[in-house]
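Working through the structure, step by step
Residue strings, one per chain:
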Amino acid sequence: MSTIIVTGGAGFIGSHTCLLLLERGYEIFVIDSFCNSSAKSLEKVLMILLRFNNDLKDKLHLIKGDLKNISDIEKIFKNCLKQFKKVEGVIHFAGLKSVFDSVMDPLSYWENNVIGTINLLKVMEKYDCRTIVFSSSATVYKAKSDKLLTEGDFCEPVNPYGFTKLTIERILSDLNKNNDQWRIASLRYFNPVGAHESGLIGEDPTGKPNNIYPQITRVAIGKLPEIKIFGSDWPTHDGTGIRDYIHVIDLAEGHLCALEYLSNQKPQMLTINLGTGKGTSVLEFIKIFENTNKVKVPFSFHERRQGDNAFVVADNSLAKSILDWKPKRNIEDICRDGWKWQLQNPNGYSE
Ligand code: NAD
Ligand code: UD1
């Protein structure tokens, strides 16, 4: 039985990954400050699991802590040691992720994302744990008109959030060059959306969501009046922006593949895109959502959003060949599962 620490495990992607890790037999210690999540997500994870196996509840340990406080991180490693559990690796989701907020308050982003990661890496070194899977983002790339993005492409983030991700990738690469025992995977996510098929866990953004998918579900349920489509004159087939929407469970599976690959291979650093390789325009996404769920999603066209690109789609051949991973769910699955989550939890995790 392997023991894994998951930072930010109560969040959107973290909670879905915790579910799969527990299903796969890992024992997990989650550290989360709940600055953008609720412990309820992990209670729901247990609800899903306990239908099948009552023993699994002892395999999930949840610790409230902040990566900005190095002592909070150290507490978990000490705790594992006390229980004679060697931490095999860390999946590092904890981070702030709003592009807008990062522009308004860059210092918080640099402090939380970069200092938090440095603290984590220091404690990992101290406790001789040198395997890490890191949540990076496609936002690190300089987007290229209509070409799929490959890992070797030029990186040039256009906001502080993106720079924190690229900086962390650089720190990880320096560590790997300095000490050949590190096993590192930087996973560059494209657009994670959808929810677990049970409808029990999903994305619960605080405040008004900025991303398109949580807005689609909120418009469909009547919490928001309409989608404001940013730009109808992009150089795409219907004039709206194209993105690579990936089902959160496919993304979570990518983490297990990365972790297992790292454990079975010699120490190395991988940088890998996790996307489907298929682009969907905003208009197509809205139409597919309407047809799949038989609901209406009103929209209107507006000016382009600053910092946006026409086309951001992954070349995912590296993930397929190295990790033996491929996305199994399509855009209809994304629309169906995310809608189920929204319908069953109109107020997210709050009562
Ligand atoms: P999320 O906000 O739902 O989850 C992040 C979790 O980290 C939250 O539970 C939050 O409370 C926790 N956290 C943040 N700072 C912390 C700190 N200092 N100490 C302890 N816990 C802390 O976000 P998500 O969508 O699940 O994203 C997970 C990771 O993936 C983030 O690093 C994000 O930047 C990255 N990412 C997300 C997307 C996306 O579209 N969702 C795309 C690319 C990359
Ligand atoms: C955005 C961020 C990116 C971040 C990602 C995940 C920007 C410019 N990019 O990516 O850095 O990694 O979120 O958090 O903020 N759209 C609308 N109306 C809306 C919202 C979005 O038309 O109200 C369009 C966008 O123009 C885009 C598509 O929907 O064409 C997807 O947008 P979004 O969900 O915000 O994701 P990204 O822009 O890819």
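The coordinates are above.
Summary of the structure given here. Every value quoted in this text rests on a predicted model; they were computed, and no experiment measured them.

**Some details on the environment of Q83**
By secondary structure assignment, the location of Q83 is in the loop between α3 (70-82) and β4 (87-92). In sequence terms Q83 and N191 are 108 residues apart; their C-alpha atoms lie 38 Å from each other.

**As for a nonpolar patch on the surface**
A surface patch of nonpolar side chains, amounting to about 400 Å² of accessible area, comprises V99, F100, V103 and M104. Examined against the element boundaries, V103 turns out to sit in helix α4 (residues 99-104). For V103, a relative accessible area of 49% corresponds to the partly exposed category.

**Points about the pairing of strand β8 (residues 227-230)**
Here β8 shows a buried face lined by I227 and I229 and an unburied face lined by K228 and F230. In terms of strand pairing, β8 meets strand β13 (residues 299-302) through four bridges, oriented parallel. Bridge pairing in β13 links K228 to S300.

**Section: the packing of aromatic side chains**
Scanning the model with the defined rule gives eight aromatic pairs in all. Centre to centre, the rings of F289 and W339 are 5.7 Å apart; their planes meet at 80 degrees, and the pair counts as edge-to-face. On the criterion of sequence distance, the pair formed by F289 in helix α9 (residues 282-293) and W339 in helix α11 (residues 331-344) is long-range, its members being 50 residues apart. In this pair, the class of F289 matches that of W339, namely buried. For the ring pair F299 and F301, a centre distance of 5.7 Å and an interplane angle of 70 degrees mean the geometry is edge-to-face. With relative accessibility at 42%, the residue F301 sits in the partly exposed group. The structure contains a cluster of three or more aromatic residues connected by ring pairs, namely Y213, Y245, F285, F289 and W339. Here the basic side chain of R304 rests over the ring of W234, its NZ or CZ set 3.9 Å away from the ring centre.

Reading the values: rules and limits
Residue numbers run consecutively from 1 along every chain, following the written order of its sequence. For this description, chains carry letters from A and ligands carry numbers from 1, given in the order in which they are written. Thresholds applied to this predicted model are a pLDDT of at least 70 for local features of residues and 80 or more for the giving and counting of side-chain atom pairs; totals over whole chains, interfaces and linings are not thresholded and use all residues. With hydrogens and water stripped out, all remaining heavy atoms of the structure feed into the side-chain values. Only DSSP runs of H or I covering at least 4 residues are called helices, and only runs of E covering at least 2 are called strands; the numbering of each starts at the N terminus. Residues enter a patch when their relative accessible area is above 30% and they make no salt bridge; the linking distance is 9 Å between like charges and 5 Å between nonpolar side chains (Val, Leu, Ile, Met, Phe, Trp, Tyr). Surface exposure here means Shrake-Rupley accessible area, sampled with a 1.4 Å probe, where a residue is shielded only by the protein chains that are shown. Salt bridge, as applied in this entry: a Lys or Arg side-chain nitrogen positioned within 4 Å of an Asp or Glu carboxyl oxygen. Type-normalised accessible area, obtained with a 1.4 Å probe on protein chains alone, sets the label of each residue: buried when under 20%, exposed when over 50%, and partly exposed for intermediate values. Should DSSP find at least two bridges between two strands, the strands are regarded as paired. Whether two aromatic rings pair depends on their centres lying within 6.5 Å, for rings of Phe, Tyr and Trp, where Trp uses its six-membered ring; planes under 30 degrees apart make the pair stacked, over 60 edge-to-face, and the rest tilted. Ring-over charges, as used throughout, are those where CZ of Arg or NZ of Lys falls within 6 Å of the ring centre and within 35 degrees of the ring normal.

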